[in-house]
Amino acid sequence: MVHSWRDSVPLSDEQTLVRDSIREICQEFDREYWRERDENEEYPHEFVETLSDHGWLGILIPEEYGGAGMQTTEVAVMMEEIAANGGGFSAAQAVHGGIYNSTPLVKYADEELKSELLPKVADGEVAIQSFGLTEPNAGSDSTSIETSAERVSAEQRSADPSDVTASEDGDEYVINGQKIWISRVDATDYLVLMARTTPREAVDKRTEGISMFLVDVEEAYDQDALEIQQIPKTASGFVHSYEMWFSDLRIPADRLIGEEGRGFYQVLDGLNEERLAIAAECVGLAEVSLERGIEYANEREVFGRQIGSNQSIQHPLAEAYTETLAAKQLLYGAAETIESASQKETGAMANAAKYRAAEAAFAAADAAVQTHGGFGVAREYDVERYFREARLTRIVPITQQLVLNYISENVLGLPRSY
Ligand SMILES: Cc1cc2nc3c(=O)[nH]c(=O)nc-3n(C[C@H](O)[C@H](O)[C@H](O)COP(=O)(O)OP(=O)(O)OC[C@H]3O[C@@H](n4cnc5c(N)ncnc54)[C@H](O)[C@@H]3O)c2cc1C
């Protein structure tokens, strides 16, 4: 591994420890491991379990709940390392939800739920890997979600003679609707679900009336109230994504996280931090792509000399390096100031970092594929997987166009275009 040119951002002792520990774990999972996962579209259970056993899924959970109580920079270091050490964007995505989906619980769940669940998440006993927002009619326009959650009181339920559980269980929400593209449903115990408790037509602002729930996936299957179907896809194939259908799913009212109708604001609350972690995953993908490109450029000889001695091979790699370095500086700069900067400043930086990092990943993966010539599309050299993933980073979790919309409107003061 050529680490020296990657280690360009000064890290604290704690961050260095994170970097070195994750690097060490990643060494146990070689190129062959990731190639097999990709070919067979198998979720990397062993990898996620190893991280989980070492407590890394609890990196953001406060120490009082058994977690490591670390901050955004440490998560960025962790995610960059996972991607850069061969796993790529998909390996980081395999654990991303497990880290970020418990953060709204830390901020908004009541004490009882927090003390019951967070220590189990921190020590890997329970996984909260899935977050359900997107719907067939609500992708980028996420406030258009239609999945509904209707509160039914214990009295209403007692009036229903068929409801034998009414007196024991108290108030409930009844959930109906459809979600799409929801990742890691096969690797989770709980799903953080966004649903409308008030229809869009009945609220003053479209961001109101959406609530956040914690759904026990096994319980949903037991009720026969959940169906899922995997979506076949060409990138990140080993992190499965699903369509989900909810029909009369009943969940206890205390599984509402935070305030009814304020769920969308709760999501926005941690969005910049999470966006920086995504940027770090893209930077890691750019780095591993560059590393493979450089390796092959030095190794392969054509016309009796290394292909890396041609400027047409050197320059795209060097150019992608400058983009990667810029994205990396931007993301770590933003992560370091996140506690003191205003939400507006952080929003500008986090969105710019995600945009630049995805473009850097694309440039690096493209250069790596071209450097490999025909082997650029051969599975055994991995760069074709990195290229597929790099393309995906321009789409998820938010498209590049929507990032530019945000910057145009909120940073440059241009009129809202949509
Ligand atoms: C692999 C994968 C995993 C995912 N995992 C999850 C998950 O776990 N949970 C979850 O909730 N969601 C998940 N998603 C959904 C993801 O967040 C959405 O795909 C993404 O937000 C884009 O929405 P969309 O696909 O509906 O595109 P659309 O909103 O239909 O957009 C289509 C195109 O039109 C462009 N466009 C739309 N409106 C505008 C505008 N006003 N200005 C400029 N351009 C515009 C978009 O940028 C895009 O290029 C996942 C998606 C994928 C592909």
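Residues numbered from 1 in each chain as written. Predicted model: local features only at pLDDT ≥ 70, side-chain atom pairs only at ≥ 80, totals over all residues. Heavy atoms only, no water.

In the annotation of an unreviewed UniProt entry, the entry for the protein reads Acyl-CoA dehydrogenase domain-containing protein, and the organism field reads Natronolimnohabitans innermongolicus JCM 12255. Within the UniProt record for the protein, the comment given under Cofactor (unreviewed entry) is "FAD". What the UniProt record of the protein gives under Sequence similarities (unreviewed entry) is the line "Belongs to the acyl-CoA dehydrogenase family." (UniProt positions renumbered as here; feature names shortened; annotations may be inferred.)

Enquirer: What am I meant to see in the site of the ligand here?
Expert: Taken together, 18 residues sit near the ligand, with Phe-131, Thr-134, Ser-140, Trp-181 and Thr-399 positioned nearest. A distance of 2.9 Å is found between a nitrogen atom of the ligand and a side-chain nitrogen or oxygen belonging to Ser-183. Protein burial of the ligand: of its 970 Å² of free accessible surface, 66% is covered by the chains. Taken together, the elements giving at least two residues each to the shell around the ligand come down to strand E3 (172–183) and helix H15 (400–411). Here the shell around the ligand is built from residues that sort into nine nonpolar, eight polar and one charged. Counting contributing residues per domain, the shell around the ligand is built from domain 2 (129–262) and domain 3 (267–411), each supplying no fewer than three. (Near = heavy atom within 4 Å. Polar contact = N/O pair within 3.5 Å; in protein donor to acceptor, adjacent residues only side chain to side chain. Areas by Shrake-Rupley, 256 points an atom, 1.4 Å probe, with all protein chains shown as cover. Helix = DSSP H or I, 4+ residues; strand = E, 2+ residues; numbered from the N terminus. Nonpolar A, V, L, I, M, F, W, Y, C, P; charged D, E, K, R; others polar. Domains from an automatic or database assignment.)

Enquirer: I keep staring at the nonpolar core and nothing clicks. Help me out?
Expert: Burial of nonpolar side chains together is a common tendency in soluble globular proteins. Core analysis: the largest hydrophobic core is formed by 73 residues, its most contacted members being Phe-47, Leu-51, Met-78, Ile-82, Ile-99 and Leu-331. Mapped onto this core, the elements with two or more residues apiece are helix H1 (13–27), helix H2 (31–40), helix H3 (45–53), helix H4 (72–100), helix H11 (271–299), helix H12 (311–337), helix H13 (343–371) and helix H14 (383–393). Here Ile-99 is in contact with Trp-56, Leu-57, Ile-59, Leu-60, Val-75, Met-78 and Met-79, once residues within four sequence places are set aside. Core analysis: the second largest hydrophobic core is formed by 24 residues, Ile-61, Ile-128, Ile-210 and Met-212 among them. (Core = buried A, V, L, I, M, F, W, Y, C linked by side-chain atoms within 4.5 Å. Buried < 20%, exposed > 50% of the residue type's maximum accessible area, 1.4 Å probe, protein only. Contact = heavy atoms within 4.5 Å.)

Enquirer: What is the right way to look at the packing of aromatic side chains in this model?
Expert: Any aromatic ring pair is given by two values, namely how distant the centres are and how the planes are angled relative to each other. Per the stated rule, a full pass over the model turns up nine aromatic pairs. Plain terms: the ring middles of Tyr-33 and Trp-34 are 5.0 Å apart, the flat faces sit at 85° to each other, and that makes the pair edge-to-face. In this structure, Tyr-33 and Trp-34 share a single accessibility class: buried. Ring geometry for Phe-375 and Tyr-381: centres 4.9 Å apart, planes at 45°, overall tilted. Exposure remark for Tyr-381: the relative accessible area of 25% places this residue in the partly exposed category. When the ring centre of Tyr-33 is taken as reference, the NZ or CZ atom of Arg-37 above it lies at 4.4 Å. (Phe/Tyr/Trp six-rings, centres within 6.5 Å; stacked < 30°, edge-to-face > 60°. Lys NZ or Arg CZ within 6 Å of the ring centre and 35° of its normal.)

Enquirer: Looking at this model, I keep getting lost on the pattern of salt bridges. Mind explaining?
Expert: Between side chains of opposite charge, pairing is possible as soon as their charged atoms come close. In this structure the tally under the stated criterion is 27 salt bridges. The shortest N-O distance in the salt bridge between Arg-388 and Glu-384 comes to 3.0 Å. Taken as a pair, Arg-388 and Glu-384 lie in helix H14 at a separation of four residues, close to a single helical turn. Residues participating in the shared-partner salt-bridge network are Arg-6, Asp-7, Arg-19, Asp-20, Arg-23, Glu-80, Glu-81, Glu-287 and Lys-328. (Salt bridge = Lys/Arg side-chain N within 4 Å of Asp/Glu carboxyl O.)

Enquirer: Quick question: what am I supposed to make of the UniProt feature "domain: Acyl-CoA dehydrogenase/oxidase N-terminal" (unreviewed entry) in the protein here?
Expert: When the UniProt feature table is mapped onto this chain, "domain: Acyl-CoA dehydrogenase/oxidase N-terminal" (unreviewed entry) is found at residues 12–125. Between the end C-alpha atoms of residues 12–125 there is a gap of 30 Å, over a span that is 71% helix and 0% strand.

Enquirer: In this structure, what is going on with the UniProt feature "domain: Acyl-CoA dehydrogenase/oxidase C-terminal" (unreviewed entry) in the protein? I would like to understand it.
Expert: In the numbering used here, UniProt assigns the "domain: Acyl-CoA dehydrogenase/oxidase C-terminal" (unreviewed entry) feature to residues 261–410. Secondary structure across residues 261–410 comprises 76% helix and 3% strand; the distance between its end C-alpha atoms is 24 Å.

Enquirer: Explain the pairing of strand E4 (residues 190–196) here, please?
Expert: Consecutive side chains along a regular strand alternate between the two faces of the sheet. Counting buried residues along E4, seven of its seven residues qualify, which places the element largely inside the surrounding structure. Burial of E4 is two-sided: the residues Tyr-190, Val-192, Met-194 and Arg-196 facing one way and the residues Leu-191, Leu-193 and Ala-195 facing the other way are all buried. Where strand E1 (residues 130–132) and E4 come together, three bridges link them in parallel fashion. If you follow Gly-132 over to E4, its bridge partner there is Leu-193. Pairing of E4 with strand E5 (residues 210–216) involves seven bridges; the strand directions are antiparallel. Among the inter-strand pairings, Tyr-190 is bridged to a residue of E5, identified as Asp-216. (Pairing = 2+ DSSP bridges.)

Enquirer: Would you take a moment to explain the pairing of strand E7 (residues 241–252) for this structure?
Expert: Judged from the nine bridges that link them, E3 and E7 form a sheet pairing that is antiparallel. Each residue of the ladder has a partner; that of Ile-182, found in E7, is Tyr-242. By the bridge criterion, five bridges tie strand E6 (residues 226–230) to E7 in an arrangement that is antiparallel. Along E7, the bridge assignment pairs Gln-230 with Tyr-242.

Enquirer: Mind showing me how you'd approach H4 here?
Expert: In an α-helix, one full turn covers 3.6 residues, which means residues spaced three or four apart are oriented alike. Here H4 contains 29 residues, and its C-alpha end-to-end distance of 11 Å is more than 12% below the 42 Å for a straight helix at 1.5 Å per residue. At Gly-86, H4 shows its maximal kink, close to 135°. Counting buried residues in H4 gives 29 out of 29 residues, a clear majority hidden from the surface. (Expected span 1.5 Å × (residues − 1). Bend = angle between axes of the 7 residues up to and from the residue.)

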